[in-house]
Amino acid sequence: MSYQIPKFRHPQLPVNDLGYTKADYEGSISTLCAGCGHDSISGSIVRACHELSIEPHKIAKLSGIGCSSKAPTYFLGKSHGFNSVHGRMPSVVTGAAMANRDLIYLGVSGDGDTASIGMGQFAHVARRNLNMVYIVMNNGCYGLTKGQDSATADEGSVSKKGDANMYSAIDLCATALQMGATFVARSFSGDKEQLVPLIKAAISHRGFALIDVVSPCVTFNNNPGSTKSYEFVRDHAEATGTVDFVPMQKEITTAYEAGSSHEVTLHDGSSIHLYKMDEDLDPFDRTSALINMEKHRTAGDILTGLIYLNKDSRDLHEVMETTRRPLNTLTEDDLCPGNQMLKNINASLR
């Protein structure tokens, strides 16, 4: 039996500012297990890009290996895409982004692809503050190889096999904070109302933006005793607050009481509104974010929402003072400016 997306769509589907429907941002039919949280994340990416009215050819989606890394096939079918080797997606994104800063880079990875074989690459792309969105579809197990515990599986969490994990977990949000990431958030695949504005904000942020999304594996890790099951996450998720994303072209309005919200203007003029934040959490202070994550972890809860944002982020291009033009547009005159220019450069380094 073969499956394909039906070509017929309702003629009055809502369109964005570019005239595209949400269907224009979809990809192939998913071959993941029915109910997989990864498909919900794909749906959130589709919705975010549609609502932001991003031209599909302005997006480059990249991934490594794993169930999560198959997901880009199922969204943004008209965008650029590259499926790299296991754990090496950050290197490929770095090369592409340094060659062409005009694209929006969306990296999709998994807990195994990031926290195990790709841990070194993840740490370095975070500390370099590469301008990209890094989404981790985190299910705490290796779904492609029969559900072994991954490095993000919580100590004591019980898999479908019935054995409790004996090792402490790697917290990717905490790691990203310690490595210098300038945008850190966590969400749940079953909460699109929280996840979609976080994705929009991450896309508009200039610098490395991590969103760690708990995404239950319905086949191997959605059982009683698992700390990454649908039931456990719904019962233990503690949100930092409600997040709204307001594109630059829309009027900013709010009905919240004074003092109950934070408004942050991003580099492109868009705004993030953070309503009724946890009184103990300052989302603009890295130390406060780390302390609150540890506090919730000790209590057995999962802190979700926007955890940290550096409002004055300088991405890798700014730090290295690279050319604003894509490298493939540079001419021989640009690349070989002459002997006198070389002498001036050498003199400046003496």
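Residues numbered from 1 in each chain as written. Predicted model: local features only at pLDDT ≥ 70, side-chain atom pairs only at ≥ 80, totals over all residues. Heavy atoms only, no water.

- Per an unreviewed UniProt entry, the protein goes by the name 2-oxoacid:ferredoxin oxidoreductase subunit beta and belongs to Seongchinamella sediminis.

1. Here's the deal with the environment of N100
Next, step 1: Considering the arrangement of structural elements, one finds N100 in the loop between α3 (89-99) and β3 (104-110).
Next, step 2: Note: C-alpha distance between N100 and N223 (123 residues apart in sequence) is 44 Å.
Next, step 3: Of note is the side chain of N100, whose polar atom sits 3.0 Å from the backbone nitrogen of D102. (Helix = DSSP H or I, 4+ residues; strand = E, 2+ residues; numbered from the N terminus. Polar contact = N/O pair within 3.5 Å; in protein donor to acceptor, adjacent residues only side chain to side chain.)

2. Let's talk about a nonpolar patch on the surface
Next, step 1: Together, M341, I345 and L349 make up a nonpolar patch on the protein surface, roughly 310 Å² of accessible area in all.
Next, step 2: Within the secondary structure, M341 sits in helix α12 (residues 339-348). (Patch = residues over 30% accessible without salt bridge, like charges linked within 9 Å, V, L, I, M, F, W, Y side chains within 5 Å. Areas by Shrake-Rupley, 256 points an atom, 1.4 Å probe, with all protein chains shown as cover. Salt bridge = Lys/Arg side-chain N within 4 Å of Asp/Glu carboxyl O.)

3. So, empty space enclosed by the protein
Next, step 1: Tallied over the entire structure, the rule returns three cavities of 30 Å³ or more.
Next, step 2: In this structure, the largest cavity encloses a volume near 60 Å³.
Next, step 3: Forming the boundary of the largest cavity are 13 residues, of which G140, D149, A153, S157 and N221 lie nearest the centre. (1 Å grid on protein atoms, 1.4 Å probe; cavity = no way out; pocket = protein on both sides within 12 Å on 5 of 7 lines; lining within 4 Å. Points joined across faces, edges and corners; volume = space filled by probe spheres on them.)

4. Focus: the packing of helix α1 (residues 37-51) against helix α7 (residues 192-204)
Next, step 1: Contact geometry of α1 with α7 gives a least axis separation of 9 Å together with a crossing angle of 55 degrees. The orientation of α1 relative to α7 falls into the category oblique. Between α1 and α7 lies a crossing whose hand is right-handed. For the pair α1 and α7, contact is made by S40, I41, G43, S44, I45, R47, A48, C49 and E51 and by K192, E193, L195, V196, I199, K200 and I203, respectively.
Next, step 2: The residue inventory of the contact of α1 with α7, partitioned by class, reads eight nonpolar, three polar and five charged. (Axes fitted to C-alpha atoms, helices over the stretch in contact; angles between N-to-C directions. Parallel < 35°, antiparallel > 145°, perpendicular 65-115°, else oblique. Left-handed = near helix turned anticlockwise from the far one by under 90°. Contact = heavy atoms within 4.5 Å. Nonpolar A, V, L, I, M, F, W, Y, C, P; charged D, E, K, R; others polar.)

5. As for the sheet that holds strand β4 (residues 132-138)
Next, step 1: In spatial order, the strands read β2-β1-β3-β4-β8-β7-β13-β9; together these eight strands make up an open sheet with mixed pairing. Edge positions in the open sheet fall to β2 (80-83) and β9 (237-239), since each of these has one partner strand only. Shown here is a sheet whose adjacent strand axes are inclined to one another by a mean of 20 degrees, direction ignored.
Next, step 2: In the packing of helix α5 (residues 119-127) onto the sheet, the strands contacted are β4 and β8 (208-214), and the crossing angle to β8 comes to about 135 degrees.
Next, step 3: Sheet strands touched by helix α9 (residues 286-298): β7 (183-188), β9 and β13 (302-309). Its angle to β13, the strand with the most contacts, is close to 175 degrees. (Pairing = 2+ DSSP bridges.)

6. Considerations on the packing of aromatic side chains
Next, step 1: A complete count under the given rule lists five aromatic pairs for this structure.
Next, step 2: Ring centres of Y134 and F208 lie 5.7 Å apart, and the angle between their planes is 55 degrees; this geometry places the pair in the tilted category. On the criterion of sequence distance, the pair formed by Y134 in strand β4 and F208 in strand β8 is long-range, its members being 74 residues apart.
Next, step 3: With centroids separated by 5.9 Å and ring planes inclined at 65 degrees, the aromatic side chains of F188 and Y230 adopt a geometry described as edge-to-face. Of the two residues, F188 sits in strand β7 while Y230 sits in helix α8 (residues 230-236), which places them 42 residues apart along the sequence. (Phe/Tyr/Trp six-rings, centres within 6.5 Å; stacked < 30°, edge-to-face > 60°.)

7. A word on α7
Next, step 1: Here α7 spans 18 Å end to end across 13 residues, near enough to the 18 Å set by a 1.5 Å rise per residue.
Next, step 2: For α7, the set of buried residues is Q194, L195, V196, P197, L198, I199, K200, A201, A202, I203 and S204. (Expected span 1.5 Å × (residues − 1). Buried < 20%, exposed > 50% of the residue type's maximum accessible area, 1.4 Å probe, protein only.)

8. Some thoughts on the pairing of β13
Next, step 1: The buried fraction of β13 amounts to eight of the eight residues, a majority that puts the element mostly inside the structure.
Next, step 2: Bridging between β7 and β13 involves four bridges; their strand directions are antiparallel. Its bridge partner lying in β13, A185 is registered against L306.
Next, step 3: Examined bridge by bridge, β9 and β13 share three bridges and lie parallel to one another.

9. Notes on the state of the cysteines
Defined simply, a disulfide is a covalent bond joining two cysteines at their sulfur atoms.
Next, step 1: Scanning the entire structure with this criterion turns up zero disulfides.
Next, step 2: The thiol of C36 is not disulfide-bonded; the next cysteine sulfur, from C33, is found 6.5 Å away.
Next, step 3: Lacking any disulfide linkage, C67 is separated from the closest cysteine sulfur, that of C36, by 6.5 Å. (Disulfide = S-S within 2.5 Å.)

10. Looking at unusual backbone geometry
Next, step 1: Here S53, not a glycine, exhibits a phi torsion of approximately 55 degrees, which is positive.
Next, step 2: Summarising the element assignment, S53 is placed in the loop between α1 and β1 (59-63).
Next, step 3: By relative accessible area, which is 13% here, S53 ends up buried.
Next, step 4: Of note, L76 is a non-glycine position whose phi angle comes to about 50 degrees, a positive value.
Next, step 5: With respect to the element layout, L76 can be found in the loop between α2 (67-70) and β2.
Next, step 6: Given the relative accessible area of 1%, L76 is considered buried.

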